[in-house]
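Fold and contact review
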Amino acid sequence: MGLLAAAIAIGLGALGAGIGNGLIVSKTVEGIARQPEARGVLQTTMFIGVALVEAIPIIAVVVAFIVMNK
């Protein structure tokens, strides 16, 4: 049962991060297309957002390891 819970945690974490990263990057590209002069600010904000979203699968892996050890 713990292995199934770990697999679900990692899978949903990866799915959520993939969707989140796709939305962040697509909106950044859209913003750059509308206002090319704001490229630097938008890219900086995008990288911060992607870094925060990437923390989710890392936390999911930690939770999966904790569930597997119980």
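Residues numbered from 1 in each chain as written. Predicted model: local features only at pLDDT ≥ 70, side-chain atom pairs only at ≥ 80, totals over all residues. Heavy atoms only, no water.

**Remarks on helix 2 (residues 39-68)**
- For helix 2, built from 30 residues, the straight-helix expectation of 44 Å at 1.5 Å per residue is met to within 8% by its first-to-last C-alpha distance of 44 Å.
- Those residues of helix 2 not exposed but buried are Met 46, Gly 49, Val 53, Pro 57, Ala 60 and Ala 64.
- The inward-facing, buried residues of helix 2 abut helix 1 (2-34). (Helix = DSSP H or I, 4+ residues; strand = E, 2+ residues; numbered from the N terminus. Expected span 1.5 Å × (residues − 1). Buried < 20%, exposed > 50% of the residue type's maximum accessible area, 1.4 Å probe, protein only. Contact = heavy atoms within 4.5 Å.)

**Brief notes about the pattern of salt bridges**
- For the structure shown, the criterion picks out two salt bridges.
- In this structure, Lys 27 engages Glu 30 in a salt bridge whose closest nitrogen and oxygen atoms are separated by 3.9 Å. Taken together, the residues Lys 27 and Glu 30, both in helix 1 and three residues apart, mark about one turn of the helix.
- Among the residues examined, Lys 27 registers a relative accessible area of 53% and is labelled exposed. (Salt bridge = Lys/Arg side-chain N within 4 Å of Asp/Glu carboxyl O.)

**A look at the environment of Ser 26**
- Along the chain, Ser 26 turns up in helix 1.
- Residues Ser 26 and Gln 43 lie 17 residues apart in sequence; the distance between their C-alpha atoms is 12 Å.

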